[in-house]
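# Chain and residue survey
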Amino acid sequence: MDVAIETGWKSVLKDEFDKEYFNNLAQFVKEEYKKTTVYPPAGLIFNAFNLCPFSDVRTVIIGQDPYHGPGQAHGLCFSVRDGVGFPPSLINIFKEIELDLGLSRPASGNLERWARQGVLLLNATLTVRAHLAGSHQKKGWEQFTDSVISVLNREKSNIVFLLWGAYAQKKGENIDRNRHLVLESVHPSPLSASRGFFGNKHFSKCNDYLLANGKNPVDWR
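Reference entry: report on the structure contained in this document. (Residues numbered from 1 in each chain as written. Predicted model: local features only at pLDDT ≥ 70, side-chain atom pairs only at ≥ 80, totals over all residues. Heavy atoms only, no water.)

## A closer look at the overall build of the protein chain
Counting its regular elements, the protein chain contains nine helices and six strands. For the protein chain, whose C-alpha radius of gyration is 17 Å, the value lies close to the compact-globule estimate of 17 Å for 221 residues. Along the longest, intermediate and shortest principal axes, the C-alpha atoms of the protein chain span 45 × 35 × 25 Å. Split into buried and exposed, the 221 residues of the protein chain put 52% on the buried side. (Helix = DSSP H or I, 4+ residues; strand = E, 2+ residues; numbered from the N terminus. Rg over C-alpha atoms; globule rule 2.2 N^0.38 Å. Buried < 20%, exposed > 50% of the residue type's maximum accessible area, 1.4 Å probe, protein only.)

Following this line, the structure appears as structure tokens:
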């Protein structure tokens, strides 16, 4: 199957696109877009990959579902478009960045600026029905994004994986801790952030590791 995705990703994932599960997934997603409202817009499903080429990946943040409200999702986990209000988890992410690095909260919650620096903002499921969280889970996206994590684990070295919450930690349980840095904490959701997300210092730890391994740090503003 021909998938509109950045050429480096297309090369390393080419076998995945020809598997039966992916063809079934693609058919399911196509039908969903025809009959109901689905987020993100179809042209932005692979936005995380297109903004962060395979060759550039140095940090990975794993989310779960796209936002399912109007105008929010644009293919990057935790990110919202310019001019859209900050969801609670994103507010807490910026609170921790301020605690950790002293950087005040930016005007926009659009994290494309991180993606362009080599931060892969990867949701486990890349599409969702409007107002129905989890509605596209267990349709094949999880197998695809497991393969994304596997190829990064295998083909790259010294990536920083930020795994927030039990779901992300399970998703990343097979990452080679000798080859990469894996940072884990509770999720930034208001339900859990005060139990260990605040104060985890993941953003400074990420940059310290990148610098120690000859890579540029991320500007987390």
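## Comments concerning the environment of Phe203
For Phe203, the location among the structural elements is in helix α9 (residues 202-212). Distance from Phe203 to Cys52, taken between C-alpha atoms, is 18 Å for residues 151 residues apart in sequence. Excluding its chain neighbours within four sequence positions, the residues that come into contact with Phe203 are Ile93, Glu96, Ile97, Asp100, Leu101, Trp164 and Trp220. (Contact = heavy atoms within 4.5 Å.)

## What about unusual backbone geometry?
Cis geometry is adopted by the peptide bond preceding Pro40, which originates at Tyr39 and carries an omega value of -5°. Relative to the helices and strands, Pro40 resides in the loop between β1 (38-39) and α4 (47-51). Despite not being glycine, Phe78 has its phi angle at roughly 70°, a positive value. Position of Phe78 among the secondary structure elements: in the loop between β2 (59-63) and α5 (88-101). Residue classification places Phe78 among the buried residues on the basis of a relative accessible area of 11%. In the Ramachandran plot, Lys201 falls in the positive-phi region, its phi being about 55° despite a non-glycine side chain. Relative to the elements of secondary structure, Lys201 occurs in the loop between β6 (181-185) and α9.

## Quick word on helix α3 (residues 20-35)
The α-helix advances 3.6 residues per turn, and as a result positions three or four apart in sequence lie on the same side. Its 16 residues give α3 an end-to-end C-alpha distance of 23 Å, which sits within 8% of 22 Å, the value for a rise of 1.5 Å per residue. Listing the buried residues of α3 in full gives Tyr21, Phe22, Leu25, Val29 and Glu32. Buried residues of α3, seen end-on, are gathered within an arc of 90° and therefore sit on one face of the element. Among the exposed residues of α3, those pointing more than 90 degrees away from its buried face are Glu20, Lys34 and Lys35. The inward-facing, buried residues of α3 abut α2 (14-17), β1, β4 (128-129) and α7 (141-155). (Expected span 1.5 Å × (residues − 1). Arc of directions from axis to C-beta.)

## Regarding the environment of Leu211
Relative to the assigned elements, Leu211 resides in helix α9. Relative accessible area serves as the criterion here: at 51%, Leu211 is assigned to the exposed category. Sequence-wise, Leu211 and Phe46 are 165 residues apart; in three dimensions their C-alpha atoms are separated by 29 Å.

## Brief notes about the nonpolar core
Residues Trp9, Phe49, Leu120 and Phe144 are the most contacted members of the largest nonpolar core, which totals 66 residues. With six residues, α7 is the single largest residue contributor to this core. Discounting chain neighbours no more than four positions away, the residues touching Phe49 are Ile5, Glu6, Trp9, Leu120, Leu122, Leu126, Phe144 and Val148. (Core = buried A, V, L, I, M, F, W, Y, C linked by side-chain atoms within 4.5 Å.)

## Let's talk about the side chain of Ser147
Position of Ser147 relative to the elements: it lies in helix α7. With relative accessibility at 17%, the residue Ser147 sits in the buried group. Those residues in contact with Ser147 that sit more than four places away from it in its chain are Leu13, Glu16 and Tyr21.

## Quick look at α5
Compared with an ideal rise of 1.5 Å per residue, which puts 14 residues at 20 Å, α5 spans 20 Å between its outermost C-alpha atoms and is within 8% of the ideal. Three or more residues of α5 are buried, namely Ser89, Leu90, Asn92, Ile93, Phe94, Glu96, Ile97 and Asp100. Gly102, located one to two residues past α5, shows a positive phi value of around 75°.

## What about the sheet that holds strand β5 (residues 160-164)?
Pairing in this open sheet of four strands is parallel, and the strands run β3-β2-β5-β6 from one edge to the other. The open sheet is flanked by β3 (119-123) and β6, the only strands paired with a single partner. Geometrically, the sheet is characterised by an average inter-axis angle of 20° between neighbouring strands, direction not taken into account. Here β2 runs beside β5; their pairing, made up of three bridges, is parallel. Across the sheet, Thr59 pairs through a bridge with Val160, a residue of β5. Lying on the sheet, α9 is in contact with β2, β5 and β6; it crosses β6 at an angle near 175°. (Pairing = 2+ DSSP bridges. Axes fitted to C-alpha atoms, helices over the stretch in contact; angles between N-to-C directions.)

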